[in-house]
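Architecture at a glance
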Amino acid sequence: MTPTSLPADAGILLPVRRRPLRSALRAVAIAACLPYLALKIAWITGSRIGIPEGSVLLDHRALIAVVNSVTVLMDAAVVVLALLLTQPWGMRVRGRLLGVPIWGATGLLAPIMVGFPAQLAASAAGGTTTQDTSGEPFLDGWVFDVVYSGFILQGLALGTLFLLYARDRWSHLWRGQVWDLPSAVTGRPVRALAVAGALLAVFPGVMHLMWAAGSTAALPAARVLERTTDFYVLEGVRVGFVALAVAGTLLLAFRLGPGLSVKLPLGMAWVGASALGAWGGWLTMTAAMPLADGAEQPTTLLTLTYAGEMISGLLLSAAIAVLLRRRGA
């Protein structure tokens, strides 16, 4: 079973109505992808729009082209998901085939939706940004504003569409209270996965907390010099997602909190665990890429932090997947 498998369908699939709200959300999700896709395609084809002279991006053209191609496919998947969630044929797609990309989209977009506004607020309050203190040019400031604003719109639109879709197809899975979940649903496999994921999440959680508090342990030399308010805010956000994932999953697995609706811990676990798994995986992959400047090369402990984040997110996601499949059965 994949960590993001969703339960088999129960009963008759409900048709997706072409309501004005869903059509509008679909249009917003697709339109929000266009600036990012346009920039990436321009860079792949050789354009330097938004890339200042002397940017480190110009030193690794082949590698950056590959990365940009991957991210183009990832953002194009948002367009496919927006269509799938609003068309009648989307209700016939197997749950596990939909669950994987939705899990990835949730995990990659949720931290940006929280972190970017928090960074803007901190900057408005007098904090420093990466662009203010970076010793080497990277991208023009407007690129970050355009791209991250688009990501937030994608997350809001796609997230709302998925909630509407899931309400039509799987609402029976989160009815009731946590305390009333049958023991057959929260059995030994679910609890074992939840405990393993929670224990493994302690390590990356502690590391992010240390970095948010000012520690330089395991950070590359270049990153130590470039720490800004943006850095500290982002590390704090990552600690929050670790706590969200662990708390939500354990509440469900051990049926904690009398009177607590299943919806709340399920939402906490889904968003938190997907953020750990997806972002941990992305950062693990980028940490493995070669860098010409040794001062920027990730340390072994930093790479292990990212890998631990990824694995813990997958384990916690697997616990939720097993629980949902059992309840659906």
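My aim in this report is to walk through the structure given alongside it, one point at a time. (Residues numbered from 1 in each chain as written. Predicted model: local features only at pLDDT ≥ 70, side-chain atom pairs only at ≥ 80, totals over all residues. Heavy atoms only, no water.)

Tracing the chain through its elements places Leu-39 in helix H1 (residues 20-44). Judged by its relative accessible area of 8%, Leu-39 is buried. Sequence separation between Leu-39 and Arg-61 is 22 residues, and the spatial gap between their C-alpha atoms is 15 Å. With sequence-adjacent residues up to four places away left out, Leu-39 is seen in contact with Ile-49, Trp-142, Val-143 and Val-147. (Helix = DSSP H or I, 4+ residues; strand = E, 2+ residues; numbered from the N terminus. Buried < 20%, exposed > 50% of the residue type's maximum accessible area, 1.4 Å probe, protein only. Contact = heavy atoms within 4.5 Å.)

This part takes up the packing of helix H3 (residues 95-124) against helix H9 (residues 263-287). Each pair of packed helices can be summarised by the angle the axes make with each other and by the distance between the axes. Running from amino to carboxyl end, H3 crosses H9 at an angle of 85 degrees, the nearest separation of the two axes being 7 Å. The angle between H3 and H9 falls in the class roughly perpendicular. For the pair formed by H3 and H9, the contact residues are Gly-99, Ile-102, Trp-103, Gly-104, Thr-106, Gly-107, Leu-108, Ala-110, Pro-111 and Ile-112 on the first element and Trp-270, Val-271, Ala-273, Ser-274, Ala-275, Gly-277, Ala-278, Trp-279 and Trp-282 on the second. Its residues assigned to classes, the contact of H3 with H9 shows 13 nonpolar, six polar and no charged. (Axes fitted to C-alpha atoms, helices over the stretch in contact; angles between N-to-C directions. Parallel < 35°, antiparallel > 145°, perpendicular 65-115°, else oblique. Nonpolar A, V, L, I, M, F, W, Y, C, P; charged D, E, K, R; others polar.)

All right, on to the layout of surface pockets then. Roughly 660 Å³ of internal volume is contained in the second largest pocket. Along the walls of the second largest pocket sit 28 residues, with Gly-159, Phe-162, Leu-163, Trp-270 and Val-271 positioned nearest its centre. Contributions of two or more residues to the lining of the second largest pocket are made by H3, helix H5 (141-170), H9 and helix H10 (300-328). By residue number, the principal contributor to the lining of the second largest pocket is H5, which donates 11 residues. (1 Å grid on protein atoms, 1.4 Å probe; cavity = no way out; pocket = protein on both sides within 12 Å on 5 of 7 lines; lining within 4 Å. Points joined across faces, edges and corners; volume = space filled by probe spheres on them.)

Our focus in this paragraph is the pattern of salt bridges. On inspection of all chains with the given rule, the structure shows four salt bridges. In this structure, the salt-bridge partner of Glu-235 is Arg-238, at a minimum N-O distance of 3.2 Å. With Glu-235 and Arg-238 both in helix H8 (residues 229-253) and three residues apart, the pair spans about one turn of that helix. There is no split in this pair, since Glu-235 and Arg-238 are both buried. Because the salt bridges share partners, they merge into one network encompassing Arg-22, Arg-167 and Asp-168. (Salt bridge = Lys/Arg side-chain N within 4 Å of Asp/Glu carboxyl O.)

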